[in-house]
Amino acid sequence: MAEKIYEGRMTAAGSGPVTVFLIGMRINSFRRVRSWWPLFRVMPKMLRELSQDGGSGLLGYRMLVGGPRLVCLVQYWSSPERLLAYASAPDREHRPAWAAFNRRMREGKGCVGFWHETYVVPAGAHEAVYVNMPAFGLGKAVGIMPVGRRGDRAADRLAAVRNPA
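Presented here is an overview of the structure given in this document. In this text, all values refer to a predicted model and were calculated from it rather than measured experimentally.

## Here we look at the environment of Gly-151
Thinking step 1. Residue placement: Gly-151 occurs in the loop between β7 (144–146) and α5 (154–157).
Thinking step 2. In this structure the C-alpha to C-alpha distance between Gly-151 and Thr-11, which are 140 residues apart in sequence, comes to 9.6 Å.
Thinking step 3. Residues contacting Gly-151, with those up to four places away along its chain left out, are Asp-156 and Arg-157.

## Quick look at the nonpolar core
Thinking step 1. Of all hydrophobic cores here, the largest spans 19 residues; its most connected members are Met-25, Leu-39, Met-43, Met-46 and Trp-77.
Thinking step 2. For this core, the elements supplying multiple residues, two or more each, are β2 (18–27), α1 (33–52), β4 (70–77), α2 (80–88) and α3 (94–108).
Thinking step 3. Counting residues per element, this core draws most heavily on α1, at 7 residues.
Thinking step 4. Apart from residues no more than four positions distant in its own chain, Met-43 is found in contact with Met-63 and Leu-73.
Thinking step 5. If you look at the next biggest cluster of nonpolar residues, it comprises 12 residues, including Val-20, Val-74, Tyr-76 and Ala-128.

## Topic: the sheet that holds strand β6 (residues 130–133)
Thinking step 1. The strand order β6-β1-β7 describes an open sheet built from 3 strands, whose pairing is antiparallel. Looking along the sheet, the strands with just one partner apiece sit at the ends: β6 and β7. On average, adjacent strands in this sheet sit at an angle of 50° to one another, irrespective of strand direction.
Thinking step 2. As paired strands, strand β1 (residues 6–12) and β7 are joined by 3 bridges and run antiparallel to one another. Within β7, the position partnered with Met-10 by the bridge is Pro-146.

## Overview of the pattern of salt bridges
Thinking step 1. Taken as a whole and judged by the stated rule, the model has 3 salt bridges.
Thinking step 2. With its nearest N and O atoms 4.0 Å apart, the salt bridge here joins Arg-9 to Asp-152. Highlighted residues: Arg-9 in strand β1 and Asp-152 in the loop between β7 and α5, separated in sequence by 143 residues.
Thinking step 3. Arg-9 gets classed as partly exposed once you look at its relative accessible area, which sits at 38%.
Thinking step 4. Since its relative accessible area comes to 48%, Asp-152 is described here as partly exposed.
Thinking step 5. Three or more residues are tied together by salt bridges with common partners; here these are Glu-49, Asp-53 and Arg-92.

## Side note on the packing of α1 against α3
Thinking step 1. It is at 9 Å that the axes of α1 and α3 come closest, and there the two elements cross at 165°. Between α1 and α3, the interaxial angle falls into the category roughly antiparallel. For α1 against α3, the interelement crossing comes out left-handed. Taking contact as the criterion, the partners of Arg-34, Ser-35, Pro-38, Leu-39, Val-42 and Met-46 in α1 are, on α3, His-94, Ala-97, Phe-101, Arg-104, Glu-107 and Gly-108.
Thinking step 2. Of the residues in the contact of α1 with α3, the class split is 6 nonpolar, 3 polar and 3 charged.

## Some words on the sheet that holds strand β3 (residues 58–66)
Thinking step 1. One open sheet accounts for 4 strands, arranged β3-β4-β2-β5; its pairing is antiparallel. Edge positions in the open sheet fall to β3 and β5 (112–121), since each of these has one partner strand only. Here the strands of the sheet are splayed against their neighbours by 15° on average, with no regard to which way each runs.
Thinking step 2. Sheet topology note: the β2/β4 ladder contains 8 bridges and is antiparallel. From the neighbouring strand, Arg-26 faces β4, where its bridge partner is Leu-70.
Thinking step 3. Along the sheet, α2 makes contact with β2, β4 and β5, crossing β4 at roughly 125°.

Rules behind the numbers
Residues numbered from 1 in each chain as written. Predicted model: local features only at pLDDT ≥ 70, side-chain atom pairs only at ≥ 80, totals over all residues. Heavy atoms only, no water. Helix = DSSP H or I, 4+ residues; strand = E, 2+ residues; numbered from the N terminus. Contact = heavy atoms within 4.5 Å. Core = buried A, V, L, I, M, F, W, Y, C linked by side-chain atoms within 4.5 Å. Buried < 20%, exposed > 50% of the residue type's maximum accessible area, 1.4 Å probe, protein only. Pairing = 2+ DSSP bridges. Axes fitted to C-alpha atoms, helices over the stretch in contact; angles between N-to-C directions. Salt bridge = Lys/Arg side-chain N within 4 Å of Asp/Glu carboxyl O. Parallel < 35°, antiparallel > 145°, perpendicular 65-115°, else oblique. Left-handed = near helix turned anticlockwise from the far one by under 90°. Nonpolar A, V, L, I, M, F, W, Y, C, P; charged D, E, K, R; others polar.

Right under this line is the structure:
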């Protein structure tokens, strides 16, 4: 099904705090499939589990591929506490998958690389613009609205952060 294109300039509707979690892996050796393939299989399960649980704190996500070796997942969370709670919950998909992945990484001796970055962004400290796009990124996670409702320029949309009342 084709995604709806929103003509003109739109921005993310949410102005509250957001936690942005970037996670990815780099395949250093395609021949060592045992080191990286299981993560490809379990990641959709984790995303499905989170998406079906309205209270998980996951607002939305986007998978990005950077060439043949790099896969990145951009996730938007309602808070760092919700992200950390999911990561450490023993009864959810992540904890056992992470333990198994760590074992494979050690056994693989550099065949797969892993990274993550977490950014906790306070309310009003983010802005977004999407031009002639389907809902994307933060806008897909929290909804979109016409730019004019928040200000026509990025500086206008971020003014509350630079000049608090």
